[in-house]
Amino acid sequence: MTAVLEKSSEVRPAPSSLRDVADHLDVPPGFRVEVLEGAIVMSPTPSKKHAGVLSRLHGQLFEQLPNGRSAVQVCSVEAPEGEDFATPDLMIVPVAVEEEDGWLVSPDDVDCVVEVVSPSNHTNDTKIKPTLYARWRIPVYLVIDPRNGTNRLYWDPKGGQYQARHDVEFGTDVVLPEPLKDIRIDTSVFPRYGS
């Protein structure tokens, strides 16, 4: 049996970069794509408890963020150099970013990124992204981990590493440092996986 390929009337240019490849992937429903450390990474859609953490966090931030700042989701942070981009669960940016076209945000415009750890993809949030976000000089990185009910706050990026870190369990408030000084997050309201 011989297969015959039909010539397509649609001509697609060959992808010229890893970001182009990621942009043109046929991503299965329920997945999102990032380019981390030069590799395309697909992650499943977060669970309902994951969404519950974000909803509760967003509500608290909405009440406390200074004028001119907003907590946004579904945007990506673009590496200052290269093709990497990361899609944090939430980031705090100037309100003006919400008026821009496109989906990539410069790390210079990001005050804080937040990741809620997923059970199946925890390495990206706990091992890879702290280094990436520090290299990109994002001032604050908050990791919320419903697997074990902990929070890890990173800040003060220098030389590609965060110089300060603070760990607390759910139930203890997290107080953000500059540039979001004194914003307080009540972690007692965050649901845990499996409970």
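Placed above this text is the structure.
Each value, and the rule that gives it
- Sequence order as written defines the numbering, with residues in each chain counted from 1.
- For this predicted model, a pLDDT threshold of at least 70 governs which residues receive local features, and a threshold of 80 or more governs which side-chain atom pairs are given and counted, while totals over whole chains, interfaces and linings are taken from all residues.
- By convention in this description, side-chain values take in all heavy atoms of the structure and omit both hydrogens and water.
- Here's how the labels work: a residue is buried when its accessible area is under 20% of the maximum for its type, exposed when over 50%, partly exposed in between, all with a 1.4 Å probe on protein chains only.
- Helix and strand assignments come from DSSP, with helices taken as H or I runs of at least 4 residues and strands as E runs of at least 2, each series counted from the N terminus.
- Pairing between strands requires that DSSP locate at least two bridges from one strand to the other.
- Nonpolar core, defined: a set of buried Ala, Val, Leu, Ile, Met, Phe, Trp, Tyr and Cys residues in which side-chain atoms within 4.5 Å join the residues together.
- Contacts: residue pairs with any heavy atoms within 4.5 Å of one another.
- Salt-bridge detection follows one rule: a side-chain nitrogen of Lys or Arg within 4 Å of a carboxyl oxygen of Asp or Glu.

The side chains of a regular strand alternate between the sheet's two faces. Of all five residues that make up strand β6 (residues 90-94), five are buried, and the element is covered over most of its length. Direction of pairing for strand β3 (residues 69-72) relative to β6: antiparallel, over a ladder of four bridges. Bridge pairing links S70 to V93 in β6. By the bridge criterion, three bridges tie β6 to strand β8 (residues 112-116) in an arrangement that is antiparallel.

Once that is clear, we can look at the nonpolar core. Ranked by size, the top nonpolar core spans 24 residues in total, and within it L57, L61, L90, I92, I144 and L176 carry the most contacts. Mapped by element, the contributors of at least two residues to this core are α2 (48-64), β6, β8 and β9 (140-145). With four residues, the single largest contributor to this core is α2. The contacts of I144, once residues within four sequence positions are left out, are V53, L57, V114, E115, V116, V117, T150, N151, F170 and F190. Membership of the second largest hydrophobic core comes to 22 residues, among which are A79, M91, V105 and Y154.

What follows concerns the pairing of strand β10 (residues 150-158). Both β9 and β10 contribute to a ladder of six bridges, which runs antiparallel. Its bridge partner being in β10, Y141 is matched across the sheet by Y154. Judged from the eight bridges that link them, β10 and strand β11 (residues 161-169) form a sheet pairing that is antiparallel. Paired with L153 across the bridge in β11 is H166. Here β10 hands over to β11 after two residues, with G159 in that stretch at a positive phi of 60°.

Okay, the pattern of salt bridges next. In total, this model carries nine salt bridges according to the counting rule given. Across the pair R69 and D111 runs a salt bridge, and its minimum N-O distance is 2.4 Å. Here R69, found in strand β3, pairs with D111, found in the loop between β7 (104-105) and β8; they are 42 residues apart in sequence, far enough to count as distant. Put simply, K129 and E115 hold a salt bridge, and the shortest N to O gap is 2.9 Å. Residue K129 is found in helix α3 (residues 122-135), and its partner E115 is found in strand β8; the two are separated by 14 residues along the sequence. For the pair K129 and E115, a shared accessibility class is recorded, and that class is buried.

Distances and angles like these do not, on their own, reveal function.
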